[in-house]
Structures are given as structure tokens and as C-alpha cells.
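# Analysis of the macromolecular model
These are the residues of each chain, in order.
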Amino acid sequence: MDSVYLQSLTETYGSPLYVYDADRICAQYARILKAFENVEQLRINYAVKANSNLSILGLFHKLQAGIDTVSIQEVQLGLKVGFAPKDIIFTPNGVSLNEIEQVAETGVQINIDNLSILEQFGQRYPHIPVCLRINPHIMAGGNHKISVGHIDSKFGISIHQLPHIKRVVENTGMIINGIHTHTGSDILDIDVFLAATEIVFNTAKEFKQLEFIDLGSGFKVPYKTGDIETNIEELGQKLSTRFNRFCKEYGRTLTLMFEPGKFLVSEAGYFLAAVNVVKQTTSTVFAGIDSGFNHFIRPMMYNAYHHIHNLSNPGGKERYYSVVGYICETDTFASNRRIAEIREGDILCFNNAGAYCFSMTSNYNARYRPAEVLLYQGTAQLIRKRETLDDLLHNQIQVDLGA
Ligand SMILES: *Cc1c(COP(=O)(O)O)cnc(C)c1O
């Protein structure tokens, strides 16, 4: 992305600012389709929680993708954008039966991840087909915070409980139309993913009315040079062959589903922030920007690395900086980072800001959430206004406390 152009966007829309490149999103989507071109029925459900801006959802609708949702509100956003209920899957964790019932009423595909709800739902709505989220207990990646397939994970029904699942299904007469698993966020090793898939196929064989198998996500994208990226092309080739063979054995052509978030939108996003102050201490140089974890929390919450470059001084001599925010809390974006010399007023750009960045923002310190811009077919368009004081006041009620 061109530095001069990105910087010019902050002159038009202010800072801090999120910018998304639609071409990049489309290219990632096309890569997955191509990788799995030998699968007869393929469905990519974009994971809304990565970035739930209506215009981003609209782009996926235009691409004829489906969506993966984790709350009734995400379902409602999808319906508003024009997704048909059949193109939405609801994959919540720990939500109430009541919320699941409300979503089921809209006709959206329900995915159930615990035995208690499965039994209650099956008793009340045996005619509504549901998908089962199973936990194959395969560890993907080493970071516990973002690997969800391990033995003590709260996600999914353990495959060790398969006999219990089958008893519930038989007793209620409910229909299982899909088997789902989502092992975690970092598939580095395709063979680990394929091993988990074998477990899913083994489970799937036990259910005779399936329409689809949903293998979740976990597709990794690089955050810095040298990072491994999930080799989607190799995965596509190996998995397609295996899936097609499974369908033959099963006796019917099933739909293969995935629900990537990060892979589709992470690299398309840029977060731009202005440098308020450069502060030299005895040990380091701080670059303080007009933001904090209220706008961009991944570095603090997951210790995530986001590449930073100085748009205003790209040819400057590189020096070491601690890039920090302006909120009253430790909010370090980067320590000891080599960045082209930073001056007050410069605009810094954070890469990989398309996924789990804006969608995790807050109003902490009573700050406004940033604006968002979409670059689409050569033009920049505002897709979310910067908040104002009215947004902070909107739902608040100041009671009369007397004199
Ligand atoms: C978050 C989530 C995803 C998307 O994960 P990414 O790492 O962004 O691809 C997919 N499926 C489920 C059930 C999720 O909770």
C-alpha cells in the first residue's frame, strides 16, 4: 500500500483511522476457492467477529460467501446486509437456550457445542436440523489463549462423549445435518489439521443425515517477515482428495465448509495513528500515539506483533522505539522496535489491522472509537464515522441525586 496515499487519508478522515483494502480481501477469498476447486460443493463462511462492519459484510455478500456468527447480534447484522438465513451459521459458545431459539426462528443454521443445550433443543425442536460442534482434542499452535481444541478447552463437545451424543439424538429424534470443528487460530502444520479431520470424518460416519462438514478455521497469516503462513494451496490439494474420498464412502456429496476470519481480512487492514509526543528517557525513546488498547488491543492482549512503519518519514534513519498509547494504563504497542526516525506529528501505520482490531475496540478513557475507510475499486469511502460526544452519552442516564 502506497505510504503517501495512506497518509493522505488521515488528512481527509482524521486519525486514528482504520483503512481496509477490498482487493486484498477478494484476493484471499479467491485463493481459498482456487485451493479447493476440486471439491464439488464448497462454502466459505466469513467469521463476522473478525470485522463486523456492514460494508465488509456487504463485500462478502457480493462475493457470494456465507457468514459464521457467534451472537444473535451478528446474525442480525448479516440479515440486514442481505444474507439469506440459509447462508448463515450460528456457532456460539455458552449462550442461552433462549438466544439459540431466537436464532433458530430466523431459519439460520444452528451449531450446538454442549450436551445440555443439545438435549433441551432436541426435545423442543426435533424437526430443526442442527450441526454438532465437536472437540477432537488436537492442539493447534502453542499459544494456549488461542488454541481451542485441547483437552480442557471450553469449546465443542468432546469426541469422548460420542456415545452420549448418540443417545441424545436417538431419544429426541433430532436431525444432525452437520459436523463442525474449529481447532484454534494457528495451523502451522497441515498434518496436524489433517489428523483432526480424520477424527471429524470418523465422527461424521455415525450420523446418516449429514449435509455438510465444517472444518472451522485456524488459517494463519504472516504478521512479520519470516512468519509461517498456512499453506492453503497444499492444504486444499490434500484435503480435497481426502474429503472427496470420504463423500464416496459416506454415499452422498456433502458440502465442505470453512469459516476463516483472519485469513480473509487481517492483511487487508491498516491502522493509522498520529504521534503526539516523542519522549526520551534514560533507557529508551517513547513514541506516544493518539490511541491505546481502546482502539487496538491485540499487542497487549495476545502479545501480538504488528509491523509498524512511519508513513511520514519512510526514508528516515532507523532507530529503536517503544510505541505506546495515550491512555492511563500500560498500553505498549511495541518495545524496542526499529522504525524510521519518528518526529512529533508523524503518522504511523500498523499492518495486519483488518481482523480483531476494530471489532475489539472500546470507549475506555471515554475516548471515541476511530473511523473506518474502505478502498473499493480505486476510491476511498468512509464506512464508519468517528464517534462523537453524543455516542458516549447516548445510553447514559444521569439520575437526580438531590441537593
Ligand atoms: C473466531 C472463529 C473463527 C475464525 O477464526 P480465525 O482465526 O479468525 O480464522 C472461526 N470459527 C469459529 C467458531 C470462531 O469462533
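Residues numbered from 1 in each chain as written. Predicted model: local features only at pLDDT ≥ 70, side-chain atom pairs only at ≥ 80, totals over all residues. Heavy atoms only, no water.

## As for the pairing of strand β12 (residues 285–289)
The element β12 is extensively covered by neighbouring structure, given that 4 of its 5 residues are classed as buried. Sheet topology note: the strand β11 (residues 269–280)/β12 ladder contains 5 bridges and is antiparallel. Among the inter-strand pairings, Lys279 is bridged to a residue of β12, identified as Phe286. The antiparallel hairpin formed by β11 and β12 contains 4 residues in its connecting segment. (Buried < 20%, exposed > 50% of the residue type's maximum accessible area, 1.4 Å probe, protein only. Helix = DSSP H or I, 4+ residues; strand = E, 2+ residues; numbered from the N terminus. Pairing = 2+ DSSP bridges.)

## Side note on the packing of helix α8 (residues 190–204) against helix α9 (residues 232–250)
Running from N to C, α8 and α9 point in directions that differ by 15 degrees, and their axes come no closer than 11 Å. Comparing their axes, α9 and α8 come out roughly parallel. Where α8 crosses over α9, the handedness of that crossing is right-handed. Together, Ile190, Asp191, Phe193, Leu194, Thr197, Glu198, Phe201 and Ala204 of α8 and Glu234, Leu235, Lys238, Leu239, Arg242, Phe243, Phe246 and Tyr250 of α9 make up the contact between the two elements. Tallied by class, the residues present in the contact of α8 with α9 amount to 10 nonpolar, 1 polar and 5 charged. (Axes fitted to C-alpha atoms, helices over the stretch in contact; angles between N-to-C directions. Parallel < 35°, antiparallel > 145°, perpendicular 65-115°, else oblique. Left-handed = near helix turned anticlockwise from the far one by under 90°. Contact = heavy atoms within 4.5 Å. Nonpolar A, V, L, I, M, F, W, Y, C, P; charged D, E, K, R; others polar.)

## Notes on the pairing of strand β18 (residues 379–384)
Pairing analysis gives 5 bridges linking strand β17 (residues 371–376) to β18, with the strands arranged antiparallel. Looking at the pairing, Leu375 lines up with Ala380 of β18. Hairpin geometry of β17 and β18 is characterised by an intervening segment of 2 residues between the two adjacent antiparallel strands and by a positive phi of about 45 degrees at Gln377.

## Observations regarding the domain arrangement of the chain
How large an interface is tends to be reported as the accessible area lost when its parts come together. As far as domains go, the chain holds domain 1 (3–17 + 266–385) and domain 2 (22–265). Once you take the C-alpha centre of each, domain 1 and domain 2 turn out to be 32 Å apart. Every contact between the two is made by 23 residues of domain 1 and, on the other side, 22 residues of domain 2. When the two sides are added together, the surface that domain 1 and domain 2 hide from each other amounts to roughly 2100 Å², 50% of it contributed by carbon and sulfur. Of all residues in domain 1, Glu267, Tyr305 and Tyr356 bury the most surface against domain 2, accounting for 29% of the area lost on that side. For Arg24, the salt bridge goes to Glu267, with nearest N and O atoms at 3.3 Å. If you look at where domain 1 meets domain 2, you find 15 residue pairs in polar contact (both at pLDDT 80 or more). Breaking the side of domain 1 that touches domain 2 down by element, the ones donating at least two residues are α11 (298–301), β17 and β18. For the side of domain 1 that touches domain 2, the leading source of residues is β17, giving 4 residues. Residues of the side of domain 1 that touches domain 2, tallied by class, amount to 11 nonpolar, 8 polar and 4 charged. (Domains from an automatic or database assignment. Buried area = accessible area lost by both parts, 1.4 Å probe. Salt bridge = Lys/Arg side-chain N within 4 Å of Asp/Glu carboxyl O. Polar contact = N/O pair within 3.5 Å; in protein donor to acceptor, adjacent residues only side chain to side chain.)

## Description of the side chain of His180
In this fold, His180 is placed in strand β8 (residues 176–180). Among the residues examined, His180 registers a relative accessible area of 0% and is labelled buried. Within the local environment of His180, its side chain forms a polar contact with the side chain of Glu259, the two groups lying 2.7 Å apart. Aside from chain neighbours lying at most four places away, what touches His180 is Thr91, Asn111, Cys131, Leu132, Arg133, Ile134, Asp214, Gly216 and Glu259.

## A few points about the packing of aromatic side chains
Taken as a whole and assessed by the stated rule, the structure comprises 19 aromatic pairs. Where Tyr18 meets Tyr20, the ring centres are 6.2 Å apart and the plane angle is 15 degrees; that geometry is what we call stacked. Among the residues examined, Tyr18 registers a relative accessible area of 0% and is labelled buried. Aromatic rings pair up to connect Tyr18, Tyr20, Phe271, Phe296, Phe333, Phe350 and Phe358 into one cluster. The aromatic ring of Tyr305 is capped on one face by Arg337, whose charged end is 3.8 Å from the ring centroid. The positively charged end of Arg367 is found above the aromatic ring belonging to Tyr326, 4.0 Å away from the centroid. (Phe/Tyr/Trp six-rings, centres within 6.5 Å; stacked < 30°, edge-to-face > 60°. Lys NZ or Arg CZ within 6 Å of the ring centre and 35° of its normal.)

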